[in-house]
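# Fold and contact review
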Amino acid sequence: MIDGQHEIATQAARWVVEDGLEYGQAKRRAARQLGLSGRGALPSNEVLEEAVSDYIAVFCADTQPLELLALRRLALDWMERLREFRPHLGGAVWHGTATKNSDIYLQLFCDDSKSAEIALIDQNVRYVARTVTGFTGESVEALSVHAFCAELNQDIGVHLMIYDFDDVRGALKADAQGRAPRGDAGALRRLLSGESV
């Protein structure tokens, strides 16, 4: 890894953990602060994830495991509420690098893209709809809600990305490190019980 990328990853990791920034935003902010520019200067998400793990091990080892557990329990609650949409958990909460400042990212695989919105309305859940880039590289709708986490005594952002039913096949392909990039409720329950997935 190029030295500049290491510096960016180290700085970005602090913002991911302490401020809950998303990886892309944290990398760009770190590059600007360090006076480095250009896409080639940015480290990969895998490099940043390793830097985040290192940061947690040094500065948050005493608090992060309980925060992660609380977030995973909250994610499972939402997955159970929305089980008809085949929810899968991804991001830092799935990979184990989440802290109390992290958001929860759930991918929903729907026969009808509006059905998840209708379910939230039926449950009297307030949400904000926006368009984001999904794991397929295409634009997808995201429904963002604030969910109170009693264990952490704070609101947590829960983002529901809406995909077509058939996209679930591509969602389960292993990443470059051979890990599952996301998991369903059963896989999350296994993580919560201490099993590896």
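Refer to the structure presented above.
A brief report on the enclosed structure follows. Note that the coordinates shown come from a computational prediction; the quantities given were computed from them, not determined experimentally. (Residues numbered from 1 in each chain as written. Predicted model: local features only at pLDDT ≥ 70, side-chain atom pairs only at ≥ 80, totals over all residues. Heavy atoms only, no water.)

## Observations concerning the overall build of the protein
When helices and strands are counted, the protein shows 8 helices and 5 strands. The order of helices and strands in the protein, counted from the N terminus, is α-α-α-α-β-α-β-α-β-β-β-α-α. The C-alpha atoms of the protein give 17 Å as radius of gyration, which agrees with the globular expectation for 197 residues (16 Å, within 12%). Overall, the C-alpha framework of the protein stretches about 50 × 35 × 30 Å when taken along its three principal axes. Here the protein holds 197 residues, and 45% of them are scored as buried. Taking all contacts inside the protein whose residues are at least 6 apart in sequence as the whole, residues at least 24 apart take part in 62%. (Helix = DSSP H or I, 4+ residues; strand = E, 2+ residues; numbered from the N terminus. Rg over C-alpha atoms; globule rule 2.2 N^0.38 Å. Buried < 20%, exposed > 50% of the residue type's maximum accessible area, 1.4 Å probe, protein only. Contact = heavy atoms within 4.5 Å.)

## A look at the side chain of Arg72
Mapped onto the elements of the fold, Arg72 is located in helix H4 (residues 64-81). One buried charged residue, Arg72, remains without a salt bridge, the closest side chain of opposite sign being Glu49 at 8.9 Å. A polar side-chain atom of Arg72 sits 3.0 Å from the main-chain carbonyl oxygen of Trp94. Once residues within four sequence positions are removed from consideration, Arg72 is found in contact with Val93, Trp94, His95, Gly96, Leu188, Leu191 and Leu192. (Lys, Arg positive; Asp, Glu negative; His and termini not counted. Salt bridge = Lys/Arg side-chain N within 4 Å of Asp/Glu carboxyl O. Polar contact = N/O pair within 3.5 Å; in protein donor to acceptor, adjacent residues only side chain to side chain.)

## A closer look at the side chain of Ser102
Locating Ser102 in the fold gives a position in the loop between helix H5 (91-95) and strand S2 (104-110). The exposure class of Ser102 is buried, given its relative accessible area of 10%. Residue contacts for Ser102: discarding those within four places in its chain leaves Leu71 and Ile156.

## A look at helix H8 (residues 185-192)
Every buried residue of H8 is accounted for by Ala185, Ala187, Leu188 and Leu191. All buried residues of H8 fall inside an arc of 160° around its axis, so they share one side. Residues of H8 that are buried make contact with H4, strand S1 (88-90) and H5. For H8, the side-chain oxygen to backbone nitrogen distance between the N-cap and Gly186 is 3.2 Å, and the N-cap itself is Asp184. (Arc of directions from axis to C-beta.)

## Points about the sheet that holds strand S5 (residues 154-164)
With mixed pairing, 5 strands are arranged side by side in an open sheet as S1-S2-S5-S4-S3. Every other strand in the sheet has two partners, leaving S1 and strand S3 (128-133) as the edge strands with one partner each. In this sheet, adjacent strand axes meet at a mean angle of 35° when their direction is disregarded. Pairing of S2 with S5 involves 7 bridges; the strand directions are parallel. (Pairing = 2+ DSSP bridges. Axes fitted to C-alpha atoms, helices over the stretch in contact; angles between N-to-C directions.)

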